[in-house]
Amino acid sequence: MMKIIKKIAMYFILLTGSILVLLPFFWMVLTAFKQPDQTLKYNFVPNQDFVGTWKKIPKENSKRFTLQFDPHLYKNLPEINRVKVIGDFNNWSEEKDTLICDRNLWIIYLDGLEQQKKYYYQFVINGSIRVVDYANKNRDNDKSFFITNKSTSNTQLEDASFVENNKLFIKLLCDKQKSPVVELGNNNQISLIEKAGYFTAEIPLTESHGKYRIIEQKEWQEAVDDLYTLSNFFKVLYNKDFPFALFFLNSLIVSTLTAFITVIICTMAGYAFSKKDFWLKDQIFLLLLSSMMVPGMIFMIPQFLLVNDLGWINTYQGMIVPHLANVFGLFLLKQYIDTIPNSLFQAAKLDGANEWQTFRIIIVPLCTPIMATLFLMTFVGQWSNFLWQLIVNTPDSVYRTLPVGLALFRGQYASDWGLMMAGACFSIIPIAMLFLFTQRYFVAGMTSGAVK
Amino acid sequence: MIKKLSMIFILFFLCACDKTTQEENDSVELTVWECYKYEEHELFLDFVSRFCKKYKQKNGKNLKIHVKRVPFDDFVTNIKLMALRGKTPDLGCFDSLKVLEFAYHKILVPLNKLPNFEEKSIAQKRESYISGAYNTNVIRVRGEENLYGLPLQITCLGLFWNRKLFREKREELTAAGLDYQAPPRDWDNFVRYAKILTDSTKNQYGFAMKNSMWFTIPFFAAYNTKYLRWDQEQQNCILGDEKSTAALQLKADLYAKYKIAAATWAGQDDPDIGFQNEQYAMIFMGPWNVSKYRNSGLDFGISLMPRLSRQQAIAAKIIKENTSQQKYLETVTPATNIGGQNIAMFKTCKNKEIAYEFMNFITSTDVQLEWCQKLNQLSINKKTAQILRNNTNTDYDIRIFMEQALYSNAPPKLPRYGYLEADILNPEMELVFKGAKSAKQALQDAAKKINERIIKPFQNPKDKD
């Protein structure tokens, strides 16, 4: 029993640890799928509730005037992100009277209007488009009007709730509602009953807690579509200003060639340093090792100047050659080859093998795991290398790699997170595949020498 | 055979890479580097082709302008490396704050010395542009003042306020005599609003703001802070004086004294994220995030920055007690900072006059009007700005920002702005917010570092052009 509990606890800890470690990864993937306007919002689960805005419970016999703007009556309007009303009641100023979006409608309650007075008004859509009120038949040219004593709203209200005898009567037009519920100020939800073309409910004023709002149910698919999209991936793939395929191919060529040549050079050098004797061998090896103590950034400018003098700016050579001298790889291979018994080399020599044959027949097969490991490490390093590939390529270079290309999505003040994450999702594919195919060698290479 | 072929393949990739630029003898070529977003890039290309056609009609010569997009963050790195190679582009459109740095490194052409600079003086040229934006190009390097670029795009901070959060506190705001349908107009009222809107138990704050120097400029500007003084051809940073201290103290008080601002330095959400998630009722933000917020369904308003209240202005000796209300409104402005992009010419440019012609074209009234109308942006051209402000078909948000831009103020005109901000001013200011230093002490320490590490090296340069 104790063993099972221990096991469960271990799995739980491992699972929690894995989730914590993978959180940035999940965030990246989910953000890549999010709608552009939702990328930095905390919601990741589609919400089926179509929540209306909180409304203050009106006073009994309230004389407020309700203006309602129904976007469905207007054709050729762009996507609406704000509606304001300008009119005689606010001196045609756009500053204050902003309508509140209540599910599919925009509404505003105007208080303090004079009775028996004619008021002209217009709606202002998205800060610049002025329209008359189509729902109101009273119009003079491009302006609508209402007269306060004759009506309390510009049109038939979708939400005609009112207060009478200390009770709140919820009254919603049926035709546009999808199984609505009313939520009160204390977060209690009450289902509405269909009655004579209206959804209704009768709530004592004391239980309403000063405010209410209407909540409808969205279809699951609709809720998902509101939050997630595939468009970021399409935008990355089919964007004439962002040649994704070219960037990807360049990254692949640079990473593969660098890793491949590095492995060859390091294996040969490791063999020489491990099994051959030459003048100042140990001193040279120590000198090379000591160069690892110097931060790589220090070499950046001299390397750039060399590459520039060689005329290698905007070339594959410029991106690949400076990274071929990999001291860490040399150290790794040398240490590994040290573990191969000398008797093997002596036997090969007795059998008449030359240096190349010894290298090919003994070193390469025995060092495959560590070579695969070095290949993988170099590939990953080069695949994500940003700074060097940035500086050896001018902005017009056709040899720019994926990390350099992805930086184009960063703007002066704002970044396109959805596109950046979609690009990053694509960029992890080759590395994931490489790990998948070489994990056997990688694990063997990393653990070699751990057990004697 | 396969091995040989693969070797040839590798060699091919390693060697077939030298790219040469073809130059046609019968045409003039210019290269422009820019870091626009896609829709801006497309429109820019359109204007470039229009200019080329116009040039051919006028001069009978072909003009080719190569436009290259550079990631914004890497523009300076790329330019510095190209300068090292002596291959900078002819023109660059980049962060307005970087003009200073490039001018100090002597890689920019002083435009006022070009033969086709038609205006009588730098000041006369200023009349065509929003002065705050234009001034970021007027730089005094080693005693000599020159015009090193032209403004291209302008941004500034405005006050964003969440109408929904204001509505939710309607009763409390109304009880305090504040209008829940309007934002605060001055800093005293701002504090009153923010106190009511703050509920730290719910992680909800009346205000949040980044702590960097750029985001602190509105405070300094509100107090008419002067950052530098010239004493006998010697520049001196004078931060730590009465005005700058009062400005920083005002900002620090929002965190420490009134506790109405989210402390981003203490791990609370970035203002941008917090505002989107309706945690912060007010933030300072620029026009670049307006469409994102609008499309995400946030119910918010934009207004001018708060100005100093009468009492604050009197205390800071900006106005006198008997100053009229009109004079107060004229003197004490809703000050903000300035950002955006400028266009500048690099010294490697071979066709300087044509390049300057293009700079004038791209910043002209008509081009700017089309640019701003299509992209819903602010204009750096004074006439265009006026047309946009007076046109009710211009987005209301843009009209607000166009008005706000009139009160824009540039940061201190010193080279190495990145270092100045990230390594000197920001850390010192953070110590003030954390209560580890007084505002005066922090600014005086910063001024000392600026004088030693930034001004001094450039005042005694090695003669190496």
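Here the structure is a predicted model, which means the values were calculated and not measured.

Asks: Can you walk me through the overall build of chain B in this structure?
Replies: Counting its regular elements, chain B contains 21 helices and 16 strands. Its C-alpha radius of gyration of 25 Å places chain B within 12% of the 23 Å reference for a compact globule of 465 residues. With the C-alpha coordinates aligned to their principal axes, the bounding extent of chain B is approximately 80 × 55 × 55 Å. With 465 residues in all, chain B has 57% of them scored as buried. For chain B, the exposed area adds up to about 20300 Å²; of that, 49% sits on carbon and sulfur atoms. The centroid of the 66 positive side-chain charges in chain B is displaced by 2 Å from the centroid of its 54 negative side-chain charges.

Asks: Just to check I follow, could you spell out the side chain of A:Lys218 for this structure?
Replies: All names here are of chain A. Along the chain, Lys218 turns up in the loop between β17 (211-217) and α3 (220-227). Lys218 gets classed as buried once you look at its relative accessible area, which sits at 13%. A distance of 2.7 Å separates a polar atom in the side chain of Lys218 from a polar atom in the side chain of Asp226. If near-sequence neighbours (up to four positions away) are discounted, Lys218 is found in contact with Asn47, Gln48, Asp49, Phe50 and Asp226.

Asks: Would you mind going over the interface of chain A and chain B with me for this structure?
Replies: How big an interface is tends to be expressed through the accessible area that disappears when the partners come together. The interface is formed by 55 residues belonging to chain A together with 61 residues belonging to chain B. A combined buried area of about 5400 Å² lies between chain A and chain B, and 54% of that area is made up of carbon and sulfur atoms. The largest per-residue losses of area from chain A upon contact with chain B belong to A:Pro395, A:Gln412 and A:Tyr413, which jointly make up 13% of the total buried on that side. Seen at the junction of chain A and chain B, the total is five salt bridges. Close ionic contact of A:Arg82 with B:Asp397 constitutes a salt bridge, the shortest N to O distance being 3.1 Å. At the surface where chain A touches chain B, the tally comes to 16 residue pairs in polar contact (both at pLDDT 80 or more). In terms of residue class, the side of chain A that touches chain B is built from 24 nonpolar, 16 polar and 15 charged.

Asks: What should I look at first to understand the packing of aromatic side chains in this one?
Replies: Two aromatic rings are characterised by how far apart their centres lie and by the angle between their planes. Counting across every chain of the model gives 67 aromatic pairs over all chains. Ring geometry for A:Tyr74 versus A:Tyr134: centroids 4.3 Å apart, planes at 10°, classification stacked. With A:Tyr74 in the loop between β3 (65-69) and β4 (83-87) and A:Tyr134 in the loop between β8 (129-131) and β9 (139-140), this pair connects stretches of sequence that are 60 residues apart. For A:Tyr74, a relative accessible area of 8% puts it in the buried group. Accessibility expressed as a relative area gives 43% for A:Tyr134, which makes it partly exposed. A centroid spacing of 5.2 Å and a plane angle of 45° characterise the contact between B:Phe51 and B:Phe361, whose relative ring orientation is tilted. With a gap of 310 residues between them, B:Phe51 in helix α2 (residues 38-59) and B:Phe361 in helix α16 (residues 352-362) connect regions that are remote in the sequence. With a relative accessible area of 3%, B:Phe51 lands in the buried category. Feature note: the residues A:Phe33, A:Phe233, A:Phe242, A:Phe244, A:Phe247, A:Phe248, A:Phe375, A:Phe379, A:Trp383, A:Phe409, A:Phe426 and B:Tyr38 constitute an aromatic cluster, connected by ring pairs.

Asks: Please clarify how unusual backbone geometry should be interpreted in this entry.
Replies: Residues and elements named next belong to chain A. A positive phi angle is found at Leu280, which is not glycine, with a value near 60°. Here Leu280 shows up in the loop between α5 (244-275) and α6 (281-290). The class of Leu280 is partly exposed, set by a relative accessible area of 36%.

Asks: Whenever I open this one, the packing of helix α9 (residues 327-338) of chain A against helix α12 (residues 368-383) of chain A confuses me. Can you help?
Replies: Each pair of packed helices can be described by the angle between their axes along with the distance between the axes. Residues and elements named next belong to chain A. Where α9 meets α12, the closest approach of the two axes is 10 Å, and the angle between their N-to-C directions is 165°. Comparing the axis directions of α9 and α12 gives the class roughly antiparallel. In terms of crossing hand, the pair formed by α9 and α12 is right-handed. Residues Phe328, Gly329, Leu332, Leu333 and Tyr336 of α9 form the contact with α12, whose own contacting residues are Pro369, Ile370, Met371, Leu374 and Met377. Of the residues that constitute the contact of α9 with α12, the class distribution is nine nonpolar, one polar and no charged.

Asks: When you look at the nonpolar core in this model, what are you seeing that I'm missing?
Replies: Ranked by internal contacts, the top residues of the largest apolar core, which has 137 residues, are B:Phe44, B:Ile65, B:Phe160, B:Met282, B:Met345 and B:Phe358. Sorting elements by how many residues they give to this core places helix α21 (residues 439-459) of chain B first, with eight residues. Other than its neighbours up to four places away in sequence, B:Met282 contacts B:Leu159, B:Phe160, B:Trp161, B:Phe166, B:Pro184, B:Phe190, B:Tyr193, B:Ala194, B:Leu197, B:Gly206, B:Phe207 and B:Ala208. One finds A:Met28, A:Cys266, A:Phe359 and A:Ile370 within the second-largest nonpolar core, a separate group that totals 44 residues.

Asks: Before we go on, may I ask you to explain the environment of A:Ile363 in this structure?
Replies: Relative to the elements of secondary structure, A:Ile363 occurs in helix α11 (residues 355-366). In this structure, the C-alpha to C-alpha distance between A:Ile363 and A:Met268, residues 95 residues apart in sequence, is 8.9 Å.

Asks: Help me understand the confidence of the model for chain B in this model?
Replies: Predicted coordinates in areas of low pLDDT are best not read in detail. Residue and element names in this part refer to chain B. Confidence in the prediction of chain B, expressed as mean pLDDT, is 88, and 93% of residues score 70 or more. This model gives residues 14-24 a pLDDT under 50, and the stretch forms 17 contacts once residues within four places in sequence are excluded. With a pTM of 0.79, the predicted complex shows an ipTM of 0.76.

Asks: In this structure, what is going on with the pairing of strand β16 (residues 198-204) of chain A? I would like to understand it.
Replies: The two faces of the sheet receive side chains in turn, since in a regular strand these alternate between them. Within β16(A), five of the seven residues are buried, which leaves the element mostly enclosed by the surrounding structure. Here strand β15 (residues 193-195) of chain A hands over to β16(A) after two residues, with A:Ala196 in that stretch at a positive phi of 50°.

Asks: Help me understand helix α11 (residues 242-255) of chain B, please; the structure alone is not making it clear to me.
Replies: Residues and elements named next belong to chain B. For α11, with 14 residues, the first-to-last C-alpha span of 21 Å sits near the 20 Å given by 1.5 Å per residue. Where burial is concerned, most of α11 is hidden: ten out of the 14 residues are buried. All of the buried residues along α11 are Ser244, Thr245, Ala247, Leu248, Leu250, Lys251, Ala252, Asp253, Leu254 and Tyr255.

Asks: How do you make sense of the sheet that holds β3(A) when you look at a structure like this?
Replies: The strands making up a sheet are joined through hydrogen bonds of the backbone, oriented either antiparallel or parallel. All names here are of chain A. In spatial order, the strands read β3-β6-β5; together these three strands make up an open sheet with antiparallel pairing. A strand with exactly one partner marks an edge of an open sheet, and here the two such strands are β3 and β5 (100-102). The mean inter-strand angle of the sheet, taken between neighbouring strand axes irrespective of direction, is 35°. With five bridges connecting them, β3 and strand β6 (residues 105-110) associate as antiparallel partners. Considered in β6, the bridge of Phe65 is made with Leu110.

The rules behind each value
- Residues numbered from 1 in each chain as written.
- Chains lettered and ligands numbered in written order.
- Predicted model: local features only at pLDDT ≥ 70, side-chain atom pairs only at ≥ 80, totals over all residues.
- Heavy atoms only, no water.
- Helix = DSSP H or I, 4+ residues; strand = E, 2+ residues; numbered from the N terminus.
- Rg over C-alpha atoms; globule rule 2.2 N^0.38 Å.
- Buried < 20%, exposed > 50% of the residue type's maximum accessible area, 1.4 Å probe, protein only.
- Areas by Shrake-Rupley, 256 points an atom, 1.4 Å probe, with all protein chains shown as cover.
- Lys, Arg positive; Asp, Glu negative; His and termini not counted.
- Charge placed at Lys NZ, Arg CZ, Asp CG, Glu CD.
- Polar contact = N/O pair within 3.5 Å; in protein donor to acceptor, adjacent residues only side chain to side chain.
- Contact = heavy atoms within 4.5 Å.
- Buried area = accessible area lost by both parts, 1.4 Å probe.
- Salt bridge = Lys/Arg side-chain N within 4 Å of Asp/Glu carboxyl O.
- Nonpolar A, V, L, I, M, F, W, Y, C, P; charged D, E, K, R; others polar.
- Phe/Tyr/Trp six-rings, centres within 6.5 Å; stacked < 30°, edge-to-face > 60°.
- Axes fitted to C-alpha atoms, helices over the stretch in contact; angles between N-to-C directions.
- Parallel < 35°, antiparallel > 145°, perpendicular 65-115°, else oblique.
- Left-handed = near helix turned anticlockwise from the far one by under 90°.
- Core = buried A, V, L, I, M, F, W, Y, C linked by side-chain atoms within 4.5 Å.
- pLDDT = per-residue confidence, 0-100.
- Pairing = 2+ DSSP bridges.
- Expected span 1.5 Å × (residues − 1).

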